[in-house]
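# Notes for the structure review
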Amino acid sequence: GQNIDQPTEMTATEGAIVQINCTYQTSGFNGLFWYQQHAGEAPTFLSYNVLDGLEEKGRFSSFLSRSKGYSYLLLKELQMKDSASYLCAVSRTGGFKTIFGAGTRLFVKA
Amino acid sequence: DTAVSQTPKYLVTQMGNDKSIKCEQNLGHDTMYWYKQDSKKFLKIMFSYNNKELIINETVPNRFSPKSPDKAHLNLHINSLELGDSAVYFCASSQQVREKLFFGSGTQLSVL
């Protein structure tokens, strides 16, 4: 089976840095996605990691360690508009589906 | 211009009714999906079609029936609606299976 764990909620201050962790257990790991979902809107793609290491994209970076079944999403220079849910999702080599974690709701305060 | 569009955005109906949600993508993608997001915001896959063929059919009541008339469309028909069907239903597409998903804006279904 599959299991994806991430914290339910986090709070951070505008301008700060926040790290959202995700751990997963799965057979036949293919890659790990991060999506952002604002309240009442659709999820939108942020990043995709296949190999170990850090992928940087502007204020957002995503890290993957396949041996540890661990990923994190790093958000720098937080802005109020970053208040949203962040969904960790895993795709497997066997099978055709992407499985989502329950999401981490991030609150950015002034 | 909308990449993945689904209609309606809101659907309020009585228990026992039958309803449909339509989805279309203009991205030229081969794979389309239906996801259900419950009140706890957990996004769960229901179905997936690749080139009009069903490739994923999760443990979903057979009151839910997807139909893909062509690669760009994936509709969801729900018979005998129940209170527990109330959720937001998202259509999505990807170029190939296991690639990044593009989501529609969601259909909020409320069964009274």
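Everything discussed here concerns the structure shown above.
The rules behind the values
Here, residues in each chain are numbered from 1, in the same order as that chain's written sequence. To read the labels, note that chains go from A and ligands from 1, taken in the order they are written. Per-residue local features of the predicted model are confined to residues with pLDDT of at least 70, and side-chain atom pairs are confined, for both listing and counting, to 80 or more; whole-chain, interface and lining totals are unaffected and use all residues. To obtain the side-chain values, all non-hydrogen atoms of the structure were included, while hydrogens and water were left out. To qualify as a helix, a DSSP run of H or I must reach at least 4 residues; to qualify as a strand, a run of E must reach at least 2; elements of each kind are numbered from the N terminus. Throughout, the radius of gyration refers to the C-alpha atoms, and the reference size of a globule is 2.2 Å times the residue count to the power 0.38. For every residue, the accessible area obtained with a 1.4 Å probe (protein chains only) is divided by the maximum for its type, and the residue is called buried under 20%, exposed over 50%, and partly exposed between those limits. Should any heavy atoms of two residues lie within 4.5 Å, those residues are counted as being in contact. Here, Shrake-Rupley sampling with a 1.4 Å probe gives the accessible areas, and only protein chains in the shown set may cover a residue. For the charge count, each Lys or Arg is scored as positive and each Asp or Glu as negative, with His and the chain ends excluded. Charge positions come from single atoms, namely NZ of Lys, CZ of Arg, CG of Asp or CD of Glu. Aromatic contacts are taken between Phe, Tyr and Trp rings whose centres are within 6.5 Å, Trp giving its six-membered ring; a plane angle under 30 degrees counts as stacked, one over 60 as edge-to-face, and the others as tilted. The quantity reported as buried area is the accessible area (1.4 Å probe) lost by two parts once they are put together, taken as the sum for both. For this document, the term salt bridge refers to a Lys or Arg side-chain nitrogen within 4 Å of an Asp or Glu carboxyl oxygen. Polar contact is defined as a pair of N or O atoms within 3.5 Å, subject to the rule that within protein one atom must be able to donate a hydrogen and the other to accept it, and that residues adjacent in sequence are counted only when both atoms are side-chain atoms. Each residue gets one label: Ala, Val, Leu, Ile, Met, Phe, Trp, Tyr, Cys and Pro are nonpolar, Asp, Glu, Lys and Arg are charged, and the others, such as Gly, are polar. For two strands to be treated as a pair, DSSP must find at least two bridges joining them. For helices, the axis comes from a line fit to the C-alpha atoms of the stretch in contact; other axes are also lines fit to C-alpha atoms, and the angle between any two N-to-C directions lies between 0 and 180 degrees.

What follows concerns the overall build of chain A. Scanning chain A from N- to C-terminus turns up zero helices and eleven strands. The helix and strand sequence of chain A, counted from the amino end, reads β-β-β-β-β-β-β-β-β-β-β. Taking 110 residues into account, the globule formula puts the C-alpha radius of gyration at 13 Å, and chain A, at 13 Å, falls close to it. C-alpha extents for chain A along the principal axes are approximately 45 × 30 × 20 Å. Residues counted as buried form 44% of the 110 residues belonging to chain A. Residue pairs in contact within chain A that sit at least 24 positions apart in sequence constitute 56% of those at least 6 positions apart. Accessible surface for chain A amounts to roughly 5200 Å². Of this, 50% is attributable to carbon and sulfur atoms. Taking the 10 positively charged and 9 negatively charged side chains of chain A as two groups, their mean positions are separated by 5 Å.

On to the packing of aromatic side chains. Per the stated rule, a full pass over the model turns up 16 aromatic pairs over all chains. Plain terms: the ring middles of Y35 of chain A and F100 of chain A are 5.5 Å apart, the flat faces sit at 50 degrees to each other, and that makes the pair tilted. Linking Y35 of chain A in strand β4 (residues 29–37) with F100 of chain A in strand β10 (residues 98–100), this pair joins segments that are 65 residues apart in sequence. Using a relative accessible area of 0% as the deciding quantity, one classes Y35 of chain A as buried. F100 of chain A gets classed as buried once you look at its relative accessible area, which sits at 2%. Where Y33 of chain B meets Y35 of chain B, the ring centres are 6.2 Å apart and the plane angle is 40 degrees; that geometry is what we call tilted. Given a relative accessible area of 1%, Y33 of chain B falls into the buried group. Relative accessible area serves as the criterion here: at 0%, Y35 of chain B is assigned to the buried category.

Right, let's talk about the interface of chain B and chain A for a bit. How big an interface is tends to be expressed through the accessible area that disappears when the partners come together. Residue-level contacts link 21 residues of chain B with 22 residues of chain A. Summed over both sides, the interface of chain B with chain A buries roughly 1700 Å², with 60% coming from carbon and sulfur. Seen at the junction of chain B and chain A, the total is zero salt bridges. The tally of links between chain B and chain A comes to three residue pairs in polar contact (both at pLDDT 80 or more). The set of elements that each furnish at least two residues to the side of chain B that touches chain A consists of β4 (31–37), β5 (43–50) and β6 (53–57) of chain B. With three residues, the top contributor of residues to the side of chain B that touches chain A is β4 of chain B. Residues belonging to the side of chain B that touches chain A are distributed by class as follows: eleven nonpolar, three polar and seven charged.

It is worth spelling out the pattern of salt bridges at this point. Once the charged atoms of two side chains with opposite charge are near each other, the side chains can pair. Tallying each qualifying case throughout the model produces six salt bridges over all chains. Residue D52 of chain A is joined to R66 of chain A by a salt bridge in which the shortest nitrogen-to-oxygen separation is 3.0 Å. Separated by 14 residues along the polypeptide, D52 of chain A in the loop between β5 (44–49) and β6 (53–57) and R66 of chain A in the loop between β7 (60–65) and β8 (70–75) bring together distant segments of the chain. By relative accessible area, which is 41% here, R66 of chain A ends up partly exposed. With a closest N to O distance of 2.8 Å, R63 of chain B and D85 of chain B form a salt bridge. Linking R63 of chain B in the loop between β6 and β7 (64–70) with D85 of chain B in the loop between β8 (73–78) and β9 (87–94), this pair joins segments that are 22 residues apart in sequence. Take R63 of chain B: its relative accessible area is 13%, and that puts it in the buried class. Shared partners join several salt bridges into a network, and the residues in it are R63, E82 and D85 of chain B.

Residues and elements named next belong to chain B. Strand order in the open sheet made by the four strands is β1-β3-β8-β7, with antiparallel pairing throughout. Looking at the sheet topology across the chains shown, the edges are occupied by β1 (4–7) and β7. Across the sheet, the axes of successive neighbouring strands diverge by a mean angle of 15 degrees, strand direction being ignored. Sheet topology places β7 next to β8; five bridges connect them, and they run antiparallel.

What follows covers the sheet that holds β8 of chain A. Residues and elements named next belong to chain A. Read across the open sheet, the five strands follow the order β1-β3-β8-β7-β6; overall the sheet is antiparallel. At either end of the open sheet lies a strand with only one pairing partner, and these are β1 (3–5) and β6. Neighbouring strand axes in the sheet, compared pairwise and without regard to direction, differ in orientation by 15 degrees on average. Here β7 pairs with β8 via six bridges, running antiparallel. Across the sheet, residue S62 finds its bridge partner in β8, namely L73.

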